[in-house]
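Take a look at the letters that make up each chain.
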Amino acid sequence: MVRTVWWALAVTAVAFTAWNAASLTMFDVSMACSKIGESSSYQCSDRAVDVLGVWPLIGVGLFLATPPAMAAIALHKRFSWIAVAALVVLFMAGIAFVTHDSYSSLLVFALPMAIIGSIAAAFQRSVPRCGRRNELLAQ
């Protein structure tokens, strides 16, 4: 069940990034457009992918999808909490870089992911280490 939640978070992050690739304009990602409604190098109605490129957006998608995917693969409580911490750090990075003309504002999506991930990690059962499991079986 927990593995399914982590994989769902990873797939949701990729879908969220793809949806934003199709729908964001520079007005959505540029503070110059948001504040004064104009910029010198592009029109505010231009698609963000055309102005900023697709590779930064792919990077943001990978940043968002990697922690839950790693937690789903490892399926260990410690890695789940590390994934939650990584998502919180990504959220803080999104807040810190919100004024840049980039896709970094999309990183704020990491907060709801971290909340759902922390619930999943809290309900995840701990499995004894291999050495400890063998000791328990020997008794």
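Residues numbered from 1 in each chain as written. Predicted model: local features only at pLDDT ≥ 70, side-chain atom pairs only at ≥ 80, totals over all residues. Heavy atoms only, no water.

Draft legend 1. Highlighting the overall build of the chain. Helix and strand counts for the chain stand at eight helices and zero strands. Tracing the chain from N to C terminus, the helices and strands come up as α-α-α-α-α-α-α-α. Across the 139 residues that make up the chain, the buried fraction comes to 33%. Sequence separation of at least 24 residues holds for 65% of the intrachain contacts in the chain that already meet a minimum separation of 6. Summed over all atoms, the accessible surface of the chain reaches about 8,500 Å², with 69% contributed by carbon and sulfur. (Helix = DSSP H or I, 4+ residues; strand = E, 2+ residues; numbered from the N terminus. Buried < 20%, exposed > 50% of the residue type's maximum accessible area, 1.4 Å probe, protein only. Contact = heavy atoms within 4.5 Å. Areas by Shrake-Rupley, 256 points an atom, 1.4 Å probe, with all protein chains shown as cover.)

Draft legend 2. View of helix α7 (residues 110-123). Taking 1.5 Å as the rise per residue, α7 with 14 residues should run 20 Å; its terminal C-alpha atoms sit 20 Å apart, in good agreement. Restricting attention to buried positions, one finds in α7 the residues A110, M113, A114, G117, A120 and A121. Considered in projection along α7, the buried side chains sweep an arc of 125° and stay on one side of the axis. Buried residues in α7 make contact with α1 (2-23), α5 (55-74) and α6 (77-96). (Expected span 1.5 Å × (residues − 1). Arc of directions from axis to C-beta.)

Draft legend 3. α1, seen in detail. The end-to-end C-alpha separation of α1 is 31 Å, in line with the 32 Å expected for 22 residues at 1.5 Å each. By the burial criterion, the buried members of α1 are V2, W6, L9, A10, A13, F16, T17, N20 and A21. Along the axis of α1, the buried residues cluster in a sector spanning 135°; they form a single face. Exposed residues on α1 whose side chains face more than 90 degrees from its buried face are T4, V11, W19 and A22. Taken together, the buried residues of α1 touch α4 (48-52), α5, α6 and α7.

Draft legend 4. Representation of the pattern of salt bridges. A complete count under the given rule lists one salt bridge for this structure. R47 is the partner of D50 in a salt bridge, and the nearest nitrogen-oxygen pair spans 4.0 Å. For D50, a relative accessible area of 59% translates into the label exposed. (Salt bridge = Lys/Arg side-chain N within 4 Å of Asp/Glu carboxyl O.)

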